[in-house]
Amino acid sequence: MGMTFCESEKDLLVTKFEKINKAIISGQFEQIIPELDSQSTGFLNLITDTSNLSPGRIVQIGEQYGVSLFCLQYLHEFGNYIRRTSQKEDFFKYLATQGTPWFSTFDQFNLVDDRVRLGKHNYIPIAKKANGSNILYWLKFTKDSDGSFKFDLVDFVQQEEKRRWKFFSGVLGPKSTGDELKEQMTIVWDHLGEPKEETRPFNDYEFDRTKLYEEK
């Protein structure tokens, strides 16, 4: 019997995941950019534009996408590096250096095939082992007008924003908006201190995890 419609849709989604996953494992981050959905492409363009790398502007961009804390920390920790390279794909180096799920240089993530979700929202589940148990993360994909699947980087960063906010919630309280959010981000920026002028360069081999995935 041939594949059902749902099975073929799943195959398309998993194939797209595997394509991006291969680029992430090998550290060839430039190959991810064409696989982003339109909203994510716009977000990436804004946060890697060197004219936007100031606290006030980056918080505005962050509020637009619901990721102000993430954007402010990115600016503090990686802004000087992006100013130096002006390469959009280097944003993914930031995710890798932060140990962010899927991009982490020291964790191995594997597809959980039997939990793939299709429908109004499409999700690929990935898991890593920790203390003998699987920790599950969800990667959202949107469907393009031509029927192809695209990675939703904005949703991915929004999930990261929630994880990071937990560390600051005791001091900042619930996440706010407008002027109150700006006040919260000022507290964060003051806590972080002035970023260092010098940022060490990265070699591409540092992001190649091929051997990690071969040693199963």
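Model, not experiment: these values are computed from the prediction. (Residues numbered from 1 in each chain as written. Predicted model: local features only at pLDDT ≥ 70, side-chain atom pairs only at ≥ 80, totals over all residues. Heavy atoms only, no water.)

**Notes on the confidence of the model for the protein chain**
Then comes step 1: Looking at the protein chain as a whole, the pLDDT averages 91, with 95% of positions reaching at least 70.
Then comes step 2: Per-element confidence in the protein chain is highest for helix α2 (residues 38–47), whose mean pLDDT is 98, and lowest for helix α8 (residues 210–214), whose mean pLDDT is 86.
Then comes step 3: In this model, residues 1–5 is a region of pLDDT below 50 whose contacts with residues beyond four sequence positions or in other chains number 3 contacts. (pLDDT = per-residue confidence, 0-100. Helix = DSSP H or I, 4+ residues; strand = E, 2+ residues; numbered from the N terminus. Contact = heavy atoms within 4.5 Å.)

**What about the sheet that holds strand β4 (residues 149–151)?**
Then comes step 1: Strand order in the open sheet formed by 4 strands is β1-β2-β3-β4, with antiparallel pairing between adjacent strands. Edge positions in the open sheet fall to β1 (110–111) and β4, since each of these has one partner strand only.
Then comes step 2: The sheet contact formed by strand β2 (residues 122–130) and strand β3 (residues 133–143) spans 9 bridges and is antiparallel. If you follow I124 over to β3, its bridge partner there is L139. (Pairing = 2+ DSSP bridges.)

**A look at the nonpolar core**
Then comes step 1: With 58 residues, the main nonpolar core has F91 and W102 as its most contacted residues.
Then comes step 2: It is helix α4 (residues 68–85) that contributes the most residues to this core, 9 residues altogether.
Then comes step 3: For W102, the residues in contact, after removing those within four places along its chain, are F17, I20, N21, I24, F109, I126, L139, F141, F151, F156 and R209. (Core = buried A, V, L, I, M, F, W, Y, C linked by side-chain atoms within 4.5 Å. Buried < 20%, exposed > 50% of the residue type's maximum accessible area, 1.4 Å probe, protein only.)

**Some details on the pattern of salt bridges**
Then comes step 1: Counted under the stated rule, the structure contains 11 salt bridges.
Then comes step 2: For D113, the salt bridge identified is with K10, shortest N-O distance 3.0 Å. One end of the pair, D113, is in the loop between β1 and β2; the other, K10, is in helix α1 (residues 5–26), and 103 residues separate them in sequence.
Then comes step 3: The salt bridge involving K175 is made with E161; its shortest N-O contact spans 2.5 Å. On the criterion of sequence distance, the pair formed by K175 in the loop between α6 (153–172) and α7 (178–192) and E161 in helix α6 is long-range, its members being 14 residues apart.
Then comes step 4: Relative accessible area serves as the criterion here: at 35%, K175 is assigned to the partly exposed category.
Then comes step 5: Within the structure, one salt-bridge network assembled from shared partners comprises K16, K19 and E35. (Salt bridge = Lys/Arg side-chain N within 4 Å of Asp/Glu carboxyl O.)

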